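Structural overview
The residues making up each chain are set out below.
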Amino acid sequence: MSRAKRFIIGGLVILAALVYLIYGGMQEAIVYFVTPAELKANDAGSKGKFLRLGGMVVKGSLQRDPDGLTYRFELTDGSAAIPIYFRGVPPDLFTEGKGAVVEGKIGDKGVFVASAIMAKHSEEYSPHEQGKESSPRSFIPGKEKTKP
Amino acid sequence: MTAGVGYVSILLALICALGGIVAPILAHRTGNERYFAGARAAILGQFVLVTLAASALIYGLVSTDFSIKYVVNNTTRATPFYYRVTGLWGALEGSLMLWEWILIIFSGLVAWIYKDRHRELMPWVLMIFSIVSAFFLLVVAFASNPFETVFPVPLDGRGLNPLLEDANMMTHPPLLYTGFVGLTVPYAFAMAALIVGKLNDSWIVTTRRWTITAWFFLTLGNLVGAYWSYHVLGWGGYWAWDPVENAAFMPWLPATAFLHSIQVQERRHMLKVWNLSLIIIAFALTIFGTFLTRSGVLSSIHAFASGPVGILFLAFLAVILIGSFGLLAYRADHLKGQPQLDSMVSRESAFLLNNVVLVSALFTIFLGTIFPLISEAVTGSQLSVGAPYFNWVTAPLFLVLVFLMGVGPMIAWRRASLDNLKRNFLWPAVAALLIAVVLAVGWVRDFLPLLGFTLCAFVTATILFDTALAVRARRRIAGEGVFSALVTLARRNQRRYGGLVVHLGVVLIILGIAGSMSYSVEREATLGQGETLTVGPYKIQFQGLRASQQPTHFRVEGAFQVHNNGHDLGLLTPALKFFPGQQSPIGRAVYRSSFTQDLYLILSGFSEIEKNRATLRLLVRPLLAWMWLGGFVIVLGTLVAIWPPKKGGGRRDEG
Amino acid sequence: MAPWRKLIITLAAILPLIGILAYGFYRDPRYIPSPMIGRAAPPLILTLFDGGKLSLADLRGKIVFLNFWSSWCPPCRAEAREMEQTWQRLKSDNVVFVGVQIQDTEENGRAFVKEFNITYPTGLDVTGRIAIDYGVWGIPESFFIDASGQISYKHVGGISPAIITAKVNEARQGIVSAKEGKGDYQSVR
């Protein structure tokens, strides 16, 4: 085999490995952004996909279970509302009537099982750095395995 | 007054910079050598004027001159002195000012150090500096002016973001900026060499030291940033693969690649176009990073405000990429005639592979970072790429890199004989395999961390083995003791031994990452007073809540008595701080560090204070402390590598 | 290969990248549409600094400009003077300006009102309930409520007298804006 050929084959192998890595990684980690109305409209197609859902927490819908760690509420964009189930500690800015973004998958009976809540906070006026602790999507080593 | 002095200095410096761009071109056109002196004078002028402007801004901050808008937004009367100074890089306008200042300091240093060398290149080197400086001055003067005044003058300022009031915050941005700016030096030399068409290797040798320096600051900047994130932000992690973090990390990859491939060019005169491309990419990435941070085109938790600055940086990025690669394409004929690889098993090919892996890592991180933009532009669907993508993609690449870190420095140039391989790698490989078996039998059951630890052991073993052989040889020849033999060896070949020490530091960092990524434990619980949570060897008893009014904020802290295997670790008090004018409280996590693992406590919520119930988040992060230790080892190694060589002794690195 | 060909290849590689990045300026990665516009304004009762009580229900039939502000927020300071001037121009025209101070202390609020000579009704949202009802994320934010009590426009960030006048007139004609507006204020962070 000539030298040039060997180099081309080596390059192709590396390229293939890279494409595999990127493709596999993307499958794992891509999060689509949807609104409650879009999710309602395409319920079946959204099953199993990791989604980010943004909207307002419906007033009066927020329930906290006695264990203090389980939350149920509804998220609306004005035309549709999606029930959300979340276990964990929500960010400080999370309250009824405010904007919130949740990440997770649609589960049985149309309930959205959120693995993280990111409260929206003011975009232009307050320092963004403070958002770090309210963005649990951040990479916490060891945690990514438990993501559904 | 202060604002006036600062602003006028900036405008005058801009004029100097324009002069510095025109002078070398005039000299070239007219053949009048005197214009070359103009290029130097322009740098000197900018140095004085920008220093004056930066000093004016610092003075304004320190003397709380609230007629300056920037001062209002970044200090209050109550701000202590050192946080007034750090206000210089607390926000966009000031950090651009700081960037320009560091840039012009670097330019001045280059102009001064090489006043008698590189006669042909220097005017063009200084011209490139003036171009970059002119861009930053333009931005500072017209798009993000730190000397903007307010009227009426407010009585007090708004103050620095409380999160920035941390000792690490004082060091993190200047370190990063120094790293970024440092990469301008090799870029300026590369461009000058391309302009002149003199593409011999002497300039590239000159830029090596500068690149090491820039690399060093980049590494430290990223590590301190990670430490700050871990120490202050209170979410328990140190790296989130956020676009802004990626922006700071990406230039590190081509810079690292360049430091390795440049050795191949020095030795074998290969990879010329490749090396030039790496320099251009590294420099362009520093501008890209600022674009990303300042434009708000990607959602980031660190995002600064948007505005015309982002567009200007994008335009400059386009100019750099098109100009530099255009010039490279134009000169490519001068770069031909490179010898080929003799064998796949050689140091050249190890370094080549190292470069391929580093550039692959860069490509994947870059792609993941801007993928939301691509997706929205092409298919219209909004999405984000999460941390798992980056972890998944980079882990194997970095593992290959660790392996190469063991192989590269020891394998022979040109063609490694079987004998060479056996001599250098047999025993280290055996040692690493032994450790792997012990680990596998003991506690490490997962493949990736086991591979990671084994490779770390392999690299360490190769370095120790090689050094031990060399020390033995010296003892035999010169009859020196172990320590003085080590010193002589390091002195004789600073680059090599400095590099090896840096490699050891990187191994420690990989150890910390592998340990904390694979074996972290995370637990969350709501505790009443007196209740105890047990996690592994730790027993955490909740003692109650305490509230207090601090000078700048209201503070609620939870007191937790912590025992490790019955051993008392004392009272840990994670807190939530409520600042007036901030929408959400800021968490103050606390942790206990040890060489085996960190215990990290976050107070994530509480009931009314009388009821004394708190929600605690607890993280156990094994081996994390080694990461910070690795940083210190890297500092040590870099110092060994760039320590000025003894007069007459050692080898001269400089061209 | 001819040099110009290489240049074309270089451009072909770089320009799409720059294009993609430039595209980023046409979108806001953090945008979530506000469900407030076109809805009935949530009821609001505010204790004013002068001791009086203001109820939104009593203002039915008037155009209400509701401004959320805070004494520590730079754009609020920047627009305060002009807002008072706009109020002086519009107040005889069946328009009411209401200032709601949030995330701040009453003491600061009074000082602010005094500093800028604010004469329209202003008070502190002590519990933060009003801000929550209106889904306020940042400061300043402004709402325009028409005569029927419907929110006709929402503005995020600093607002100019020209926009206030234009949107008050639209509210008078029953025009409801399709989207919320954004201030030209650039924050320092």
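Residues numbered from 1 in each chain as written. Chains lettered and ligands numbered in written order. Predicted model: local features only at pLDDT ≥ 70, side-chain atom pairs only at ≥ 80, totals over all residues.

**With respect to the overall build of chain B**
- Secondary structure summary: chain B contains 20 helices and 11 strands in total.
- Relative to the compact-globule value of 26 Å for 655 residues, chain B shows a C-alpha radius of gyration of 27 Å, a close match.
- Over its C-alpha atoms, taken along the principal directions, chain B stretches across nearly 85 × 75 × 60 Å.
- Counting the 655 residues in chain B, one finds 52% classified as buried.
- Partitioning the contacts of chain B with sequence separation of at least 6, the portion at a separation of at least 24 is 72%. (Helix = DSSP H or I, 4+ residues; strand = E, 2+ residues; numbered from the N terminus. Rg over C-alpha atoms; globule rule 2.2 N^0.38 Å. Buried ≥ 20, exposed ≤ 12 C-beta atoms within 10 Å, placed from the backbone. Contact = placed C-beta atoms within 7 Å.)

**Considerations on the confidence of the model for chain A**
- Per-chain confidence: chain A averages 70 in pLDDT, with 72% of residues scoring 70 or above.
- In this model, residues 121–148 of chain A is a region of pLDDT below 50 whose contacts with residues beyond four sequence positions or in other chains number 91 contacts. (pLDDT = per-residue confidence, 0-100.)

**Re the packing of helix α8 (residues 184–196) of chain B against helix α9 (residues 202–233) of chain B**
All names here are of chain B.
- Where α8 meets α9, the closest approach of the two axes is 8 Å, and the angle between their N-to-C directions is 165°. The angle between the axes of α8 and α9 places the two elements in the roughly antiparallel class. Relative to α9, α8 is oriented so that their crossing is left-handed. Residues V185, P186, F189 and A193 of α8 form the contact with α9, whose own contacting residues are W203, T206, T207, W210 and T211.
- Across the contact of α8 with α9, the residue classes tally to 6 nonpolar, 3 polar and no charged. (Axes fitted to C-alpha atoms, helices over the stretch in contact; angles between N-to-C directions. Parallel < 35°, antiparallel > 145°, perpendicular 65-115°, else oblique. Left-handed = near helix turned anticlockwise from the far one by under 90°. Nonpolar A, V, L, I, M, F, W, Y, C, P; charged D, E, K, R; others polar.)

**Regarding the sheet that holds strand β11 (residues 613–622) of chain B**
Residue and element names in this part refer to chain B.
- Taken together, 4 strands build an open sheet; the order of strands is β2-β11-β10-β9 and the sheet is antiparallel. The two strands at the open ends of the sheet, each matched to only one other strand, are β2 (521–528) and β9 (590–592). If you compare each strand with its neighbour and ignore which way they point, the axes differ by 20° on average.
- Across 3 bridges, β9 lies against strand β10 (residues 597–606) in antiparallel orientation. Within β10, the residue paired with V590 across the bridge is L601. (Pairing = 2+ DSSP bridges.)

**Things to note about the environment of G97 of chain A**
- Note on placement: G97 of chain A falls in the loop between β5 (81–87) and β6 (99–106).
- Each C-alpha atom of the pair G97 of chain A and V57 of chain A lies 5.2 Å from the other, and the pair is 40 residues apart in sequence.
- Setting aside chain neighbours within four positions, we find G97 of chain A in contact with M56, V57 and K59 of chain A together with I132, D133 and G135 of chain C.

**Concerning the nonpolar core**
- Membership of the largest hydrophobic core comes to 209 residues, with the highest contact counts inside it found for V102 of chain A together with V125, I128, I280, A284 and L317 of chain B.
- Setting aside residues up to four positions removed in sequence, I128 of chain B forms contacts with Y187, A188, M191 and A192 of chain B.
- In terms of nonpolar packing, the next biggest core, distinct from the first, is built from 41 residues, F68, C73, F97 and Y134 of chain C among them. (Core = buried A, V, L, I, M, F, W, Y, C linked by C-beta atoms within 7 Å.)

**A closer look at the environment of T178 of chain B**
All names here are of chain B.
- Relative to the elements of secondary structure, T178 occurs in helix α7 (residues 167–182).
- Judged by the 22 C-beta atoms lying within 10 Å of it, T178 falls in the buried class.
- Those residues within four positions of T178 in sequence are excluded, and the remaining contacts are I102 and F217.

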